[in-house]
Every structure is written in structure tokens, then in C-alpha cells.
Amino acid sequence: MSKAFTIRHNKADSLKSKVIGIFHKRYREQRETLWALKGVSFNVSPGEVFGLVGRNGSGKSTLLKIIAGIYPPTQGKVQLPNGARMGAMIELGVGFHPELTGKENIFLSASIHGLYRKEIEDIYGAVVEFSELDAFMDTPVKNYSSGMHARLGFGLAVNLNFDVLLIDEILAVGDEAFQHKCMDQIDRFQAEGKTILFVSHSTDVVKKICDQVCVLEHGLPVFVGKPDKGVEQYHALLRGNHS
Amino acid sequence: MMSVFRYRELIRNLVLKDLKLKYRDSVLGFLWSLANPLLLILVYSFVFGHLFTGGPPNLVYFLMVGILPWNFFAQSLMMSTGSILDNGTLIRKVALPMEVFPVATVLFSLAQYLLALIVFFPMALLFFKVSVAWSWLAFFPILVLQILFTVGMCFIVSTATVFYRDVRHFTEILLMLLFWLTPIIYDIRTVSDSLKTVLYMNPLSYFILAYQDVLYRNVFLSLDRLIVLLILTFLSLVLGYSLFLICKVRFAEEV
């Protein structure tokens, strides 16, 4: 699977700049193709934790977004088992509105992920319990601390009952106790046979929980396989960069 | 379109969010949504009852019959210009049917239109001495057609705004021009033939005339007028939704 982005210098997103571009070459939109991902291909079995590692800008997040169905791939495709529910946690608490209360946000955000009202009512208690924010459900989210915000987001994400979870570097939030709780939750998902795709810069975490890793470098998959070896490769890449 | 139905809970929540947030923390709160149309009617009653008189009989009632559905259309269109663009952060992070955003803005404006009608009809019966007629029943099919027509138009402007930010400002000007080219504050029978031709090229005229027929002139809609409304609605939905479908794969990268 590959993904190309068109980079537009002097992006003409207004009519005026389009018209000026006709007469002045200097202001004309210049297009350039950037292959954010090239020939990435792997299989993830159900129940597996699959790690994506690589340096900044190597294409990890783009890959997750394509898998989530946010960007269309330029070539190739993403195949999912029939009826599997893909859950994206590209960012925690996405869709939270600062003026709405915690409770209102749970209902809004869960419906963004396609849940029906009945389903949301069913998980509501579990979300509140997981995020430990019982006392703050009637407080607007703008008054939450960033840790509380993340807890509500993670509490919601783990209760959406997805079959495939996409997690983008979100375990770096909250205090240690909460991080432990998140790790426990990921273990539980594994036990339930859920598939997790997971982006992280924390090689310790990758080694600890992943069954397989893919190392990306400039959009190319330089390694797919066992976590220990993958982390070694990744470190080699980092060293190469500094020498 | 099926996915829009699948995500009806999201549409409901988006509409409720906007309704809640609009008047949250104000003293009158939700009462504002009723006070707003009330004040509008009072202002028009004063201006056209005392300052400018003449025109069609029962002038203020005539005006409101046209202005309220116009406001519904204009507000929907104006709000939907940004409905994809302003939800960019969401669209870049969650895969969801993006149709819900323009549809939700139309339903939000619709809710306000209906609230205005709740204020307006009792006033019409009490103060404008209007009596209920059978033709009023035809209001509902016209409303349904107007909603669908508006949704189609909103698909077009919300898509266009993603690629050309100018559309927002252009729409504002266009709506102002369109307001005067729609027989809302004057009776179409009083304008010259050449101007009539122009008015009949404006799709909105047919909707406003239909409302005036059934609510003001108390006659049922003629068959040919109904067919025109059906064709306009069909064209708007098909064109608008096709454009939206073709462009929506690029939304996440463009917003």
C-alpha cells in the first residue's frame, strides 16, 4: 500500500490566488508529489498487538489514518475482516467540545464513532468509572485539567467496543497510576482477542506488549517482524542519523 | 445516504449541541429562541404597520409568510458554508460520513424555523385576524420539499468552500441579492413582466410563492407549480449530493 500527497507551494485556495496565478508565474501553484508511504504491506492477525515505530515524519500517523479510512490510499488497499469495527484513537478526546459538560461530551463523542443512543447509555457507567471523573460529569470540559481530559478520552475509547484499535502515541498522558491502568486495559483487550495497532516512541513499551513491529523510515517499511529485532533496527536508524 | 441514517444519533447530538450552546449562559436561555421571532414580528409590525403602509392587504402577515421560510433557507446556506471546513479537526481524525455536517446545519435552522412558526401562528390568528383554511395543510409537503432542496444546496456550498474559501463571502452577497429577487416583501403580481421573467428564474421564488398561495391566498398549490417544486428539489439533491460524493474523498486532505 502506498500513499502520495500532493504538496502545493503557494496553495491557491481562493479564487483571487488562482486568477493571479494565471498572470504571474511566481504566484502560480506549484505541485510536487511526496510519497508519504511506499510499498507498505503487512498482515495483522486477530488478537495481535502490532507496533509501528520510526522517526518523526516517517509516515506512522499517515499509515494509521489510512487504515482508519480517513485518507484514501493512492495505491493498494486495506482489508478488514467482514463486520469488524475499526476504532481510531488518532487522538484522545477528539470531538470534545469545551463548552459541553463531561456527560454531554461522552454522548456526543460516542455518536461521532457511530454508536446509537442505547449503546451509549449502556457504556456510560463504564466510561465514568474508568475515567474516575464521577464528580465532574456536570462540569464543562474546558475546566478539566489535561490529565482529566485524557482520562475521559481514554475511558471512552476503551469502552467503544471496537474490534480493531488504532492507538497513536496516547499512552504518554496521565500519571503513572493511570498509565498502568491503560496498560492493564490493553492486556485485557489482547485477552479478548482484539487487534491493536499502536504507534509509540517508547521502545520499552513496544518490546513489552507488541507481538510484531514494523519500522518505517521515510515512508518505506525497513523492517517487519519480531519486536526485539525491530527496536534494534530502529535504534540503528537513530544512531545513523546522529553520526 | 444510508450512512447518514446510520449516524442519526450523531446528527441529533450535533443539532442539540448547537441549540444548547446558542443560548447557554444567557439569562433567558432557551426562551430566546421564542423571543427572537417574536421581536422580529413586532419590528415588522411597527415598520410596515406605521412607517410604510400600502401593499398587499394584511401586509405584515404577508411579509412573515415569506420571510420565515426565507430565513430558514438563508441561515442554512450561510451556516453550511463552513460545515465541512470548520469540522476539519474532526474530519482529519475520525472516519465518519461527512454528510452529517451539512445535514445537521439544515436541521438546526429547521428547528429555529419551527420555533418561529410556533410563535407566529397564534399571533396570526389573534392579531392579524387570519382564519384557518384547508389549504394550510399543503404547508407540510412544501416544507418537506424545501428542506430537501435546501439540503442539496448546502451540499454544494459546503463542498465548494473546502476548495475555495471565497464561497463563504460570495454566498453572503448572493443571498442578499437573492432576497430582493424573491417575491418576499412585494407581491409578484405588481412587478413588470420583464422583472417577472427574472424572478421566475430564481428557484426560491417558487417556494415562497407556494407558501404564499397556501397560507396567504388560501388556495391549494396548482399541479404545475407542484411539479416545478418537485423538479427543483430533485435537481438540487442529485446535483448537490453527486458533487459531494465526488469530492468527499479529498476532504480530509484539504480541510
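Scroll up a little and you will see the structure.
This write-up is about the structure you can find in this document.

**Quick look at the packing of helix 5 (residues 146-158) of chain A against helix 6 (residues 176-191) of chain A**
Residues and elements named next belong to chain A.
For step 1, the next point in the chain: Two elements in contact, helix 5 and helix 6, have axes whose closest approach is 12 Å; the angle formed by their N-to-C orientations is 10 degrees. By the angle class used here, helix 5 and helix 6 are roughly parallel. Here R151, F154 and V158 of helix 5 come into contact with helix 6, specifically with F178, C182, Q185 and F189.
For step 2, the next point in the chain: In the contact of helix 5 with helix 6, the residues fall into five nonpolar, one polar and one charged.

**As for the pattern of salt bridges**
Residues and elements named next belong to chain A.
For step 1, the next point in the chain: Taken as a whole and judged by the stated rule, the model has 15 salt bridges over all chains.
For step 2, the next point in the chain: For K118, the salt bridge is made with D122, and the minimal N-O distance between the two is 3.1 Å. Of this pair, K118 and D122 are both found in helix 4 (residues 117-131), four residues apart, which corresponds to roughly one turn of the helix. Across the pair, D122 and K118 agree in class, each one exposed.
For step 3, the next point in the chain: Two residues, E132 and K181, come together in a salt bridge whose shortest N-O distance is 2.7 Å.

**Observations concerning the interface of chain B and chain A**
For step 1, the next point in the chain: Facing 29 residues of chain B, the contacting portion of chain A comprises 35 residues.
For step 2, the next point in the chain: Carbon and sulfur atoms make up 56% of the area that chain B and chain A hide from each other, which totals about 2,700 Å².
For step 3, the next point in the chain: The largest contributions to the chain B side of the interface with chain A come from E9(B), K93(B) and E253(B), which together make up 21% of the buried area.
For step 4, the next point in the chain: For the pair chain B and chain A, the number of links is three salt bridges.
For step 5, the next point in the chain: Between R117(A) and E9(B) there is a salt bridge; the shortest N-O distance is 3.8 Å.
For step 6, the next point in the chain: Across the chain B-chain A interface, the total number found is seven residue pairs in polar contact (both at pLDDT 80 or more).
For step 7, the next point in the chain: Counting only elements with at least two residues in the side of chain B that touches chain A, the list comes to helix 2 (8-23), helix 5 (88-91) and helix 12 (251-254) of chain B.
For step 8, the next point in the chain: Among the residues making up the side of chain B that touches chain A, the classes are represented as 13 nonpolar, two polar and 14 charged.

The rules we used
- Residues numbered from 1 in each chain as written.
- Chains lettered and ligands numbered in written order.
- Predicted model: local features only at pLDDT ≥ 70, side-chain atom pairs only at ≥ 80, totals over all residues.
- Heavy atoms only, no water.
- Axes fitted to C-alpha atoms, helices over the stretch in contact; angles between N-to-C directions.
- Helix = DSSP H or I, 4+ residues; strand = E, 2+ residues; numbered from the N terminus.
- Parallel < 35°, antiparallel > 145°, perpendicular 65-115°, else oblique.
- Contact = heavy atoms within 4.5 Å.
- Nonpolar A, V, L, I, M, F, W, Y, C, P; charged D, E, K, R; others polar.
- Salt bridge = Lys/Arg side-chain N within 4 Å of Asp/Glu carboxyl O.
- Buried < 20%, exposed > 50% of the residue type's maximum accessible area, 1.4 Å probe, protein only.
- Buried area = accessible area lost by both parts, 1.4 Å probe.
- Polar contact = N/O pair within 3.5 Å; in protein donor to acceptor, adjacent residues only side chain to side chain.

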